[in-house]
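# Report on the structure
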2 protein chains.
Amino acid sequence: MTTGVRRRMGVEERRQQLIGVALELFSRRSPDEVSIDEIASAAGISRPLVYHYFPGKLSLYEAALKRASDDLAGRFLEPQDGPLGARLLRVMRRFFDFVEEHGPGFSALMRGGPAVPADGPRSRDAMSRTNALIDGVRQAAYDQILAHLRIEDPPARLELVIRSWISLAESTALIWLDGRRIPRQELEAQLVHDFAALTAVSAAYDEEMADLLRTMLKDEPTDGPFTDLVGRLVSLGAQSAP
Amino acid sequence: MTTGVRRRMGVEERRQQLIGVALELFSRRSPDEVSIDEIASAAGISRPLVYHYFPGKLSLYEAALKRASDDLAGRFLEPQDGPLGARLLRVMRRFFDFVEEHGPGFSALMRGGPAVPADGPRSRDAMSRTNALIDGVRQAAYDQILAHLRIEDPPARLELVIRSWISLAESTALIWLDGRRIPRQELEAQLVHDFAALTAVSAAYDEEMADLLRTMLKDEPTDGPFTDLVGRLVSLGAQSAP
């Protein structure tokens, strides 16, 4: 719907528009396959004008990655009331929404592949900035989980469970993207269950973690994901025990 | 113990010696902190002679990484008899031995940091080669687990459990290296339990995985890690269920 009149955008407005256009392209295909010409064309401006706002593809990629990181970290926010399992399930849905929206770009980034879509070599500084953005999102996830558990100073075993579960969530999403052979709804629930299961493994051998697990499960409704899992595992365990 | 007589080494022998010396140094400190001068000095030869065998630090790093990858993949090999839990526990011990021997280099590599210890920018090709080596080790771990489960054509849910557990093992080792706040023996056992727990979560909602879990647990001795865990979880679940 063009009116034939092109309104002049302000500098910041134009920058934000370009970041949005670039993020869309970097998300849909592996970022190293996206050219500045394509971004210019999608934004409806000339290639030199893109360079007027961003010195090169790298800086535009980094701005797009920053926006995507802030977006993802924002999706971790969840009101701190109601059962924990249901809260985590809602966050997992929003995480998979994000993964689905940014599939190829997310894959390329997380596989340590073309994180920086320049054709030549990439600088150590650029790689550090990319890794810092990824680590920032992981830290945001970690902080949110602690906040929901109402724990400020976590024991080492809890920190390990949370951080290693975050990496499990990343790899589960990456494996899902590679062929989508399992429905994502199943994996969203599975990751909630995995969190409980990893906590339970730690709790089976450590009293402090066992107390924590009991607190986590205390307010779970009988139809919530945690309780459902515990019931199924107890039944499976009873069948499987030699 | 020098005899004062320096025996002349053959080309391949010298290359292998340099790779060993470099791997030792790249393992003990972050690889980007290790200089060619230091490698030359540790090998007892001149800097120009190092360059005679390897065109630069990158090629020496890649050769060291190849040796370390082969070494690690070799540690996954385990006779296919006896209870599965005990087999996996022995592999986890050897995995943590490796992680302990190569701590700082392993951390730097797996955190996507100074994987290639050149001071300048690194090429896309070099990064691809590094990632291919890491993926090769992951694939070796995956293949070994399938072989021990005697499964040739795994369902998607089993592939997901195994591959995501491998990433959990990597992140558990990295978190352990960062401060070593939990005894490694505990984490070796925990990873065996985590494998069973992630399989159990999948089995709780999928009949094919439930059959597989029953087969896995069938030959476990009552004092093995899997049975011990199941007993503890059943008891914890019974206490925790609302």
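Note that the coordinates shown come from a computational prediction; the quantities given were computed from them, not determined experimentally. (Residues numbered from 1 in each chain as written. Chains lettered and ligands numbered in written order. Predicted model: local features only at pLDDT ≥ 70, side-chain atom pairs only at ≥ 80, totals over all residues. Heavy atoms only, no water.)

### Overview of the overall build of chain A
A tally of regular secondary structure across chain A gives eleven helices and zero strands. In chain A, the order of α-helices and β-strands from amino to carboxyl end is α-α-α-α-α-α-α-α-α-α-α. Oriented by its inertia axes, the alpha-carbon framework of chain A measures out at about 70 × 40 × 35 Å. Expressed as a percentage of the 242 residues in chain A, the buried residues total 53%. Look at the contacts in chain A between residues 6 or more apart in sequence, and 65% of them connect residues 24 or more apart. Total accessible area on chain A stands at roughly 11200 Å², and carbon and sulfur atoms take up 54% of it. Computing the positive centroid from 30 side-chain charges and the negative centroid from 35, chain A places the two 7 Å apart. (Helix = DSSP H or I, 4+ residues; strand = E, 2+ residues; numbered from the N terminus. Buried < 20%, exposed > 50% of the residue type's maximum accessible area, 1.4 Å probe, protein only. Contact = heavy atoms within 4.5 Å. Areas by Shrake-Rupley, 256 points an atom, 1.4 Å probe, with all protein chains shown as cover. Lys, Arg positive; Asp, Glu negative; His and termini not counted. Charge placed at Lys NZ, Arg CZ, Asp CG, Glu CD.)

### Examining the UniProt feature "DNA-binding region" (unreviewed entry) in chain A
Summarizing the sequence annotation, UniProt attributes the feature "DNA-binding region" (unreviewed entry) to residues 35-54 of chain A in the numbering used throughout. Helix makes up 75% of residues 35-54 of chain A and strand makes up 0%, while its end C-alpha atoms are separated by 14 Å. (UniProt positions renumbered as here; feature names shortened; annotations may be inferred.)

### Observations concerning the side chain of serine 107 of chain B
All names here are of chain B. With respect to the element layout, serine 107 can be found in helix 6 (residues 103-110). According to the relative accessible area criterion, serine 107 is buried, its value standing at 16%. Setting aside chain neighbours within four positions, we find serine 107 in contact with Leu174 and Leu177.

### A closer look at the pattern of salt bridges
Here the idea is simple: oppositely charged side chains can pair when their charged atoms come close. In this structure the tally under the stated criterion is 50 salt bridges over all chains. A salt bridge links arginine 129 of chain B to glutamate 62 of chain B; the nearest nitrogen and oxygen atoms lie 3.0 Å apart. Of the two residues, arginine 129 of chain B is situated in helix 7 (residues 124-149) and glutamate 62 of chain B in helix 4 (residues 57-75); the sequence distance between them amounts to 67 residues. Here arginine 129 of chain B falls in the partly exposed class, since its relative accessible area comes to 40%. Note that glutamate 101 of chain B and arginine 75 of chain B form a salt bridge whose closest N and O atoms lie 2.8 Å from each other. Of this pair, glutamate 101 of chain B sits in helix 5 (residues 84-101) while arginine 75 of chain B sits in helix 4, and the two are 26 residues apart along the sequence. A relative accessible area of 15% places arginine 75 of chain B in the buried class. Through salt bridges with shared partners, one network takes in Asp97, Glu100, Arg180, Arg184 and Glu188 of chain A. (Salt bridge = Lys/Arg side-chain N within 4 Å of Asp/Glu carboxyl O.)

### Digging into the UniProt feature "domain: HTH tetR-type" (unreviewed entry) in chain A
The UniProt record annotates "domain: HTH tetR-type" (unreviewed entry) at residues 12-72 of chain A. Annotated as residues 12-72 of chain A, this span is 79% helix and 0% strand, and its ends, taken at the C-alpha atoms, are 22 Å apart.

### As for unusual backbone geometry
For arginine 180 of chain A, which is not a glycine, the phi torsion comes out positive at approximately 45°. Summarising the element assignment, arginine 180 of chain A is placed in the loop between helix 8 (156-177) and helix 9 (184-203).

### Thoughts on helix 4 (residues 57-75) of chain A
For helix 4 of chain A, with 19 residues, the first-to-last C-alpha span of 27 Å sits near the 27 Å given by 1.5 Å per residue. Contact partners of the buried residues in helix 4 of chain A: helix 1 (11-28), helix 2 (36-43), helix 3 (47-53), helix 5 (84-101), helix 6 (103-110) and helix 7 (124-149) of chain A. (Expected span 1.5 Å × (residues − 1).)

### Here's the deal with helix 7 of chain B
With 26 residues, helix 7 of chain B extends 37 Å from end C-alpha to end C-alpha; this agrees with the ideal 38 Å at 1.5 Å per step. Buried within helix 7 of chain B are the following residues: Ala126, Met127, Thr130, Ile134, Val137, Ala141, Tyr142, Gln144, Ile145, Leu146, His148 and Leu149 of chain B.

### Digging into the packing of helix 7 of chain B against helix 8 (residues 156-177) of chain B
Residues and elements named next belong to chain B. Running from N to C, helix 7 and helix 8 point in directions that differ by 130°, and their axes come no closer than 10 Å. The angle between the axes of helix 7 and helix 8 places the two elements in the oblique class. Note that helix 7 runs across helix 8; the crossing there is right-handed. Contact residues: Arg138, Gln139, Ala141, Tyr142, Ile145, Leu146 and Leu149 in helix 7; Leu158, Glu159, Ile162, Arg163, Trp165, Ile166 and Glu170 in helix 8. Here the residues of the contact of helix 7 with helix 8 sort into nine nonpolar, one polar and four charged. (Axes fitted to C-alpha atoms, helices over the stretch in contact; angles between N-to-C directions. Parallel < 35°, antiparallel > 145°, perpendicular 65-115°, else oblique. Left-handed = near helix turned anticlockwise from the far one by under 90°. Nonpolar A, V, L, I, M, F, W, Y, C, P; charged D, E, K, R; others polar.)

### Describing the nonpolar core
Ranked by internal contacts, the top residues of the largest apolar core, which has 157 residues, are Trp165 of chain A together with Trp165 of chain B. Excluding anything up to four places from it in sequence, tryptophan 165 of chain A contacts Leu88, Met92, Ile145, Leu160, Leu191, Asp194, Phe195 and Leu198 of chain A together with Leu168 of chain B. (Core = buried A, V, L, I, M, F, W, Y, C linked by side-chain atoms within 4.5 Å.)

### Notes on the packing of aromatic side chains
Throughout the structure, instances matching the rule amount to twelve aromatic pairs over all chains. Note on phenylalanine 26 of chain A and tyrosine 61 of chain A: the rings are 5.1 Å apart at their centroids and 80° apart in plane angle, and the pair reads as edge-to-face. In this pair, phenylalanine 26 of chain A is assigned in helix 1 and tyrosine 61 of chain A in helix 4, connecting sequence segments 35 residues apart. The exposure class of phenylalanine 26 of chain A is buried, given its relative accessible area of 3%. A relative accessible area of 4% means that tyrosine 61 of chain A is categorised as buried. Arranged with centres 6.5 Å apart and planes meeting at 75°, the rings of phenylalanine 95 of chain B and phenylalanine 106 of chain B form a pair that is edge-to-face. Taken together, the positions of phenylalanine 95 of chain B in helix 5 and phenylalanine 106 of chain B in helix 6 put the pair eleven residues apart, joining distant regions of the chain. A relative accessible area of 8% means that phenylalanine 106 of chain B is categorised as buried. These aromatic residues form a ring-pair network of at least three members: Phe95, Phe96, Phe98, Phe106 and Trp176 of chain A. Above the plane of the ring of tyrosine 142 of chain A lies arginine 163 of chain A, whose end atom (NZ or CZ) is 3.7 Å from the centre. (Phe/Tyr/Trp six-rings, centres within 6.5 Å; stacked < 30°, edge-to-face > 60°. Lys NZ or Arg CZ within 6 Å of the ring centre and 35° of its normal.)

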